[in-house]
Every structure is written in C-alpha cells, then in structure tokens.
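Report on the structure
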Amino acid sequence: GQSLEQPSEVTAVEGAIVQINCTYQTSGFYGLSWYQQHDGGAPTFLSYNALDGLEETGRFSSFLSRSDSYGYLLLQELQMKDSASYFCAVRDSGNTGKLIFGQGTTLQVKP
Amino acid sequence: EPEVTQTPSHQVTQMGQEVILRCVPISNHLYFYWYRQILGQKVEFLVSFYNNEISEKSEIFDDQFSVERPDGSNFTLKIRSTKLEDSAMYFCASSEAQGATYEQYFGPGTRLTVT
C-alpha cells in the first residue's frame, strides 16, 4: 500500500525551531512536497525535494533522504502565524503529477 | 498573482441529488486535479485531467463522479447521486506542467454537505 507517516501534533514557542518528519512508502517516487494549510483553507505549496539534501526557502527548509524514504520540514524563527497544519506529499507518478498526502501535522505556536 | 478559484464556497444538497462543483484554473496551466478532504482527515487525490481527458483516477472516483472542461476556462466535477459520505471539502488544483518540479496550486475549496 501507499502510506506517509508524520506526527499528528507539534507544539513550540515563538522564535523556536521545529522539525516535522515524514516517512513514506509509495509505489513510485518523483519527489516530496510540503504544503501548509490554515483552518481547512487551500493547501499552500511550501517546498519540494526531488534529490537528496536540503532545500532552503527563507525561514523554511526541507530535507530528503531517498535511501531512507524520509524527509523533514524545518521551520525556524517560529511566528504565531505559522500555526497551521503541515502536510508532506509524495508525487508518485511521473505522468500525471498525482500527489499522495500524509495525515498532516498540526503545529501550534505559543507565545 | 494568478489564483485558482472555485464556486460555490459551500454547497448543501440532499442525498441522491446531483451536484456540480466548478473551478477556474490558472489560465496558462495545462494540468488539472480534484482532491477531497473529509473533515479532520488528509487530502485525497480524486482525478487528474490533461488534454481533455482523464489521465489518472483514484478508487474513490467511481462511476458517480465525472469531470469536464466545458470551455477554455472552467473545470467541473460532477457527482451524479450524492451520498452522505461524499460530504467533504473538494479542492481543485492546477499546474503549468506535469513535470515533478511543477507546483500544484490549490483553490480555496468547496465545502459539500450532503444531508
């Protein structure tokens, strides 16, 4: 079957650093994406990793290890507005771009 | 900034009725998708659409579902006979191309409530 595992909840304080892990098991793999979702709104693209290593975009970084079927999203200098759900998603098809999502991690940032 | 739009934002319907959810993808995008998210659960892929035909569909996308691009701008999802378990948020997404590096842009969603 196809599965992505990520923690259900994470809590951190403003200014801190938090890491959200994602392990995956899918029939195909063409990259790992991260999306942010506020209160059931539209998922918003954050980052994408196709190759091993770290991708940095401002306060957010994402890491991928294909040999370990593992990735993580790193959020630095946390702000209250970062409180949201974060989903990892695997693109398992090279033809259609279909995304398979994890269950999501709810991040609560406290003052 | 271009964005994907969806109408209506909320649709309430009775079990057995037909509903059509509408989406306007970003104008220069060629690949279109429907996903759904049952309250409190993960986002699930329904169908992908390219060049006026379905390129892939999930097990959820049974004969009750259909998609159409009736003109150059709209992309619709039809559910012929709604069931209680169809209640969910339905998201439309589009991308410029299907290559792995191309981001999918999601619309704000239509919340479907089947009573």
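This structure is a prediction, so every number in the text was calculated from the model and none was measured.

**Overview of the overall build of chain B**
- The secondary structure content of chain B amounts to zero helices and 11 strands.
- Counting from the amino terminus, helix and strand elements in chain B follow one another as β-β-β-β-β-β-β-β-β-β-β.
- Computed over its C-alpha atoms, the radius of gyration of chain B comes to 13 Å, within 12% of the 13 Å expected for a compact globule of 115 residues.
- Judged by the C-alpha coordinates and their principal axes, chain B covers about 40 × 25 × 25 Å.
- Each of the 115 residues in chain B was classed as buried or not, and the buried ones make up 43%.
- A separation of at least 24 residues holds for 54% of the contacts in chain B among residues at least 6 apart in sequence.
- For chain B, the separation between the mean place of its 9 positive charges and that of its 15 negative charges on side chains is 6 Å.

**Things to note about the interface of chain A and chain B**
- Counting residues at the interface gives 21 residues for chain A and 22 residues for chain B.
- In total, about 1800 Å² of surface goes out of reach between chain A and chain B, with carbon and sulfur atoms giving 53% of it.
- Taken together, the connections running from chain A to chain B amount to one salt bridge.
- For A:Lys98, the salt bridge identified is with B:Glu56, shortest N-O distance 2.9 Å.
- Linking chain A with chain B are five residue pairs in polar contact (both at pLDDT 80 or more), by the criterion used here.
- Looking at the side of chain A that touches chain B, the elements with two or more residues in it are strand 4 (32-37), strand 5 (44-49), strand 9 (84-91) and strand 10 (99-101) of chain A.
- A breakdown of the residues in the side of chain A that touches chain B according to their chemical character gives nine nonpolar, 10 polar and two charged.

**Describing the packing of aromatic side chains**
- Under the defined criterion, the tally for this structure stands at 19 aromatic pairs over all chains.
- On the numbers, 6.2 Å between centres and 35° between planes, the contact of B:Tyr33 with B:Tyr35 is tilted. Of the two residues, B:Tyr33 and B:Tyr35, both sit in the buried class.
- By way of ring pairs, the aromatic residues A:Tyr35, A:Phe45, A:Phe87, A:Phe101, B:Tyr33, B:Tyr35, B:Phe45, B:Phe91 and B:Phe106 are connected into one cluster.

**Quick notes on the environment of A:Ala50**
Residues and elements named next belong to chain A.
- Along the polypeptide, Ala50 turns up in the loop between strand 5 and strand 6 (53-57).
- Residue classification places Ala50 among the partly exposed positions, given a relative accessible area of 28%.
- Residues Ala50 and Gln25, 25 residues apart in the sequence, show an inter-C-alpha distance of 15 Å.

**Quick look at the state of the cysteines**
- Under the criterion given, the structure shown has two disulfides over all chains.
- A sulfur-sulfur distance of 2.1 Å marks the disulfide that ties A:Cys22 to A:Cys88. The sign of the S-S torsion, about 75°, decides the handedness of the disulfide formed by A:Cys22 and A:Cys88: right-handed. Placement of the pair is A:Cys22 in strand 3 (residues 18-25) and A:Cys88 in strand 9, with a sequence separation of 66 residues. Residues A:Cys22 and A:Cys88 agree in their burial class; the two are buried.
- Across the disulfide from B:Cys23 sits B:Cys92; the S-S distance is 2.0 Å. Sign of the S-S torsion, about -60° for the bond between B:Cys23 and B:Cys92, identifies this disulfide as left-handed. Linking B:Cys23 in strand 3 (residues 19-24) with B:Cys92 in strand 9 (residues 88-95), this pair joins segments that are 69 residues apart in sequence.

Procedures and definitions
- Numbers given for residues are sequential positions, taken from 1 along each chain in its written order.
- Following the order in which they are written, the chains are lettered starting with A and the ligands numbered starting with 1.
- Thresholds applied to this predicted model are a pLDDT of at least 70 for local features of residues and 80 or more for the giving and counting of side-chain atom pairs; totals over whole chains, interfaces and linings are not thresholded and use all residues.
- To get the side-chain values, all heavy atoms of the structure are used, and hydrogens and water are removed first.
- Helix and strand definitions follow DSSP, with helices as H or I runs of at least four residues and strands as E runs of at least two, each counted in order from the N terminus.
- Put simply, the radius of gyration uses C-alpha atoms, and a globule should come to 2.2 Å times the residue count raised to 0.38.
- Only protein chains enter the accessibility calculation, which uses a 1.4 Å probe; a residue is then buried when its area is under 20% of its type maximum, exposed when over 50%, and partly exposed in between.
- Any pair of residues with heavy atoms lying within 4.5 Å of one another is described as a contacting pair.
- Working convention for charge: Lys and Arg count positive, Asp and Glu count negative, and His plus the chain ends are omitted.
- Here the site of a charge means atom NZ of a Lys, CZ of an Arg, CG of an Asp or CD of a Glu.
- Two parts placed together each lose some accessible area; with a 1.4 Å probe, that loss summed over both constitutes the buried area.
- Each reported salt bridge corresponds to a side-chain nitrogen of Lys or Arg within 4 Å of a carboxyl oxygen of Asp or Glu.
- For this analysis, a polar contact is any N or O atom pair within 3.5 Å, provided that within protein one partner can donate a hydrogen and the other can accept it, and provided that sequence-adjacent residues contribute only side-chain to side-chain pairs.
- Gly is placed with the polar residues, together with every amino acid not listed as nonpolar (Ala, Val, Leu, Ile, Met, Phe, Trp, Tyr, Cys and Pro) or charged (Asp, Glu, Lys and Arg).
- In this scheme Phe, Tyr and Trp rings, the latter by its six-membered ring, pair at centre separations within 6.5 Å, and the angle between planes marks the pair as stacked below 30 degrees, edge-to-face above 60, and tilted otherwise.
- The rule for a disulfide is simple: a pair of cysteine sulfur atoms within 2.5 Å.

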